[in-house]
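Residue-level listing of the chains:
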Amino acid sequence: MGLNENITTSHPRSRMSLRGYLQMYAVAARQAIIEQLQYPAANMMFMVHILIEPVIYLVVWSSVANSQGGAIGGYTAAQFAGYYIIWTLVRQFNLAIGPHGFHWRIKEGRLAAELLRPVHPLLPDLGYYLGYKVPQTLYWLPMGFLLWLLFKPEISPDPWQVLAFPVVLMLAFFVRFFFMWLLGLVCFWTERVDALFELYFAAELLFSGRLVPLEVMPAWAQNVANFLPFQWTFYFPIEVLLGRVSLAEFWPGVLIQLAWITGGYSLVRLIWKLAVKRFTAVGS
Amino acid sequence: MLRPLKLFGLFARISVLNEVQYRANFFMQVLQSGLSLGTGLIVLNVVYSYTDTLGGWSQAELLAIYGVFVLMGGLIGSLVIPNMWAFMEDVREGRLDFTLTKPEDSQVLISVRVVAIWRLVDVVLGIAVLSVAIARMGLEASWWLAFAFASTLVMGMILLYCVLLLASILSFWFVRVWELMEMMQSIFQAGRWPVGIYPDWLRLGLTYLIPVAFAVTVPAEALTGRLTPQLLAGTFVFTLVALFITRRLWMLGLRNYSGASA
């Protein structure tokens, strides 16, 4: 127990140089890349597993749009196609450690070992999931191209929107990363987490633009979404590349993303301190 | 013919005895199923707010499809999928030997071992949704309708069992196939909507490769009076073929299996 407290109270920053941190990130990222390139077939299947969800939405909403004379909620069928194809790329980027992964790591006692390292376990996670984007993007390219051919989307961004997209995409990852971590921390208090996780994912589905562009959702859902971080992880980056976000909407959006990142990070720090005090490992 | 059913009854009893020790799990399942049902209904409602029909299906009929989808998900989730996971785990760990040495047909044994009883909550919810849909459609009950619905439902379940087992059998050759299983489970989600709305290439896949069409859309067609006797006969033949192929591949896989202790 004393050992754990040591780790939370000591400041690793005072021990490790910036170079040390960068090296640590690089190692974690390389590990992710190597792991992912090892199983190409499994990864392709995982990709199909991820792609089937937006393809279903795409087909449903383009048929609805077509049945209503070509457009609903300001989206044409081709724009729906564009929305969900960008969705698949955004999904690759906002993938972060799920709360189930966190649950597993506590249950299997992995966390005990991670706590012994001189860095906060959050940091290798961050490096790992950043590195993870490299092979995932590679696997995504042929799939994205295929979807493009099959569904003929209409995507019309201005040059600045194309340049801004990678930025909001990374910010979206950080928002989601911290909130996923936060959700994972619940496992320190209770074992029965499945229902809570599902509640969280149901909320994310409805209020993030993951299911359908928020503009198409009823007004009450749009209002609720404004109080939650979810739309900044799906809807906002997608809309930027789709060319539907004006410059006047863009900057406030980025600021809100940064605000959620700061909020999420502060909460993680706060709750982590409480959580580690509760943590006891058995054995080694 | 009756022996598999007797075995199933025996294992089901053990599963029930095992599970009723953990009653809290029941409430967790109710919570989770209720949540996913609620989300599904909200989605349907958003679609309804824009259109009255989707691919030629009215609102009440779409609700019927959703009811069949939930019902079938519950049946497969409680009776089939847990068995497949247990089987793949056995192959990986080399424990299948224990099953093979028992004096019963091995395919039957691995198919009936586990019943995840709490997942049957979804069966109840699915039936509830179906009842509402049937009431809204103003359906006139007839023997033909009842027979067509019940038989297509059973055949749909057998077909899903076949493809899930086919995927699991691959673990005889490739030890790691759980990604394939996960992929198939996410493809099943396509069944929330009538397969007629999907583009041709996808509809063919959803019909013959992963028979979501037979498992959900066809029973819903039976219920809404869209099913022709020809389609019913075709479904029957396809089910027989699938059962035959699955059996052959099971035999082939067994020959390829070398146990951990042997």
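Just above sits the structure.
This write-up is about the structure you can find in this document. (Residues numbered from 1 in each chain as written. Chains lettered and ligands numbered in written order. Predicted model: local features only at pLDDT ≥ 70, side-chain atom pairs only at ≥ 80, totals over all residues.)

### Some details on the overall build of chain B
- Helix and strand counts for chain B come out as eleven helices and two strands.
- The secondary structure elements of chain B, listed N-terminal to C-terminal, are α-α-β-β-α-α-α-α-α-α-α-α-α.
- Computed over the C-alpha atoms, the radius of gyration of chain B is 19 Å, within 12% of the 18 Å expected from 2.2 N^0.38 for a compact globule of 262 residues.
- Based on the C-alpha atoms only, the size of chain B along its principal axes is roughly 60 × 45 × 35 Å.
- Sorting the 262 residues of chain B into buried and exposed places 38% on the buried side.
- Restricting to contacts in chain B with at least 6 residues of sequence separation, those with at least 24 account for 80%. (Helix = DSSP H or I, 4+ residues; strand = E, 2+ residues; numbered from the N terminus. Rg over C-alpha atoms; globule rule 2.2 N^0.38 Å. Buried ≥ 20, exposed ≤ 12 C-beta atoms within 10 Å, placed from the backbone. Contact = placed C-beta atoms within 7 Å.)

### Here we look at the interface of chain A and chain B
- Contacts between chain A and chain B engage 27 residues on the former and 26 residues on the latter.
- Looking at the side of chain A that touches chain B, the elements that each hand over two or more residues are α4 (40-67) and α10 (194-207) of chain A.
- The dominant element in the side of chain A that touches chain B, judged by the number of residues it contributes, is α4(A), at 13 residues.
- Looking at the side of chain A that touches chain B residue by residue, the class counts come to 19 nonpolar, four polar and four charged. (Nonpolar A, V, L, I, M, F, W, Y, C, P; charged D, E, K, R; others polar.)

### Side note on helix α3 (residues 59-93) of chain B
Residue and element names in this part refer to chain B.
- With 35 residues, α3 should cover 51 Å at 1.5 Å per step; its first-to-last C-alpha distance of 48 Å lies within 8% of that length.
- Its axis deflected by about 45° at G77, α3 carries its strongest bend there.
- Judged by how many residues are buried, α3 sits mostly within the fold: 26 of 35 residues are covered.
- Just downstream of α3, G94 is the residue with a positive phi angle, here 75°. (Expected span 1.5 Å × (residues − 1). Bend = angle between axes of the 7 residues up to and from the residue.)

### Things to note about the packing of helix α9 (residues 159-185) of chain A against helix α13 (residues 247-278) of chain A
Residue and element names in this part refer to chain A.
- Running from N to C, α9 and α13 point in directions that differ by 25°, and their axes come no closer than 9 Å. Comparing the axis directions of α9 and α13 gives the class roughly parallel. In this structure, the crossing between α9 and α13 has a hand that is left-handed.
- Of the residues that constitute the contact of α9 with α13, the class distribution is 22 nonpolar, two polar and no charged. (Axes fitted to C-alpha atoms, helices over the stretch in contact; angles between N-to-C directions. Parallel < 35°, antiparallel > 145°, perpendicular 65-115°, else oblique. Left-handed = near helix turned anticlockwise from the far one by under 90°.)

### Points about the packing of helix α5 (residues 77-94) of chain A against helix α12 (residues 235-242) of chain A
Residue and element names in this part refer to chain A.
- The N-to-C vectors of α5 and α12 enclose an angle of 125°; their axes lie 9 Å apart at closest approach. When the axis of α5 is compared with that of α12, the two are oblique. At the point where α5 passes α12, the crossing takes the right-handed sense. Residues Q79, G82, Y83, I86, W87 and V90 of α5 form the contact with α12, whose participating residues are P237, I238, L241 and L242.
- A per-class count over the contact of α5 with α12 returns eight nonpolar, two polar and no charged.

### Observations regarding unusual backbone geometry
- Despite not being glycine, A:K152 has its phi angle at roughly 40°, a positive value.
- Considering the arrangement of structural elements, one finds A:K152 in the loop between α8 (122-151) and α9.

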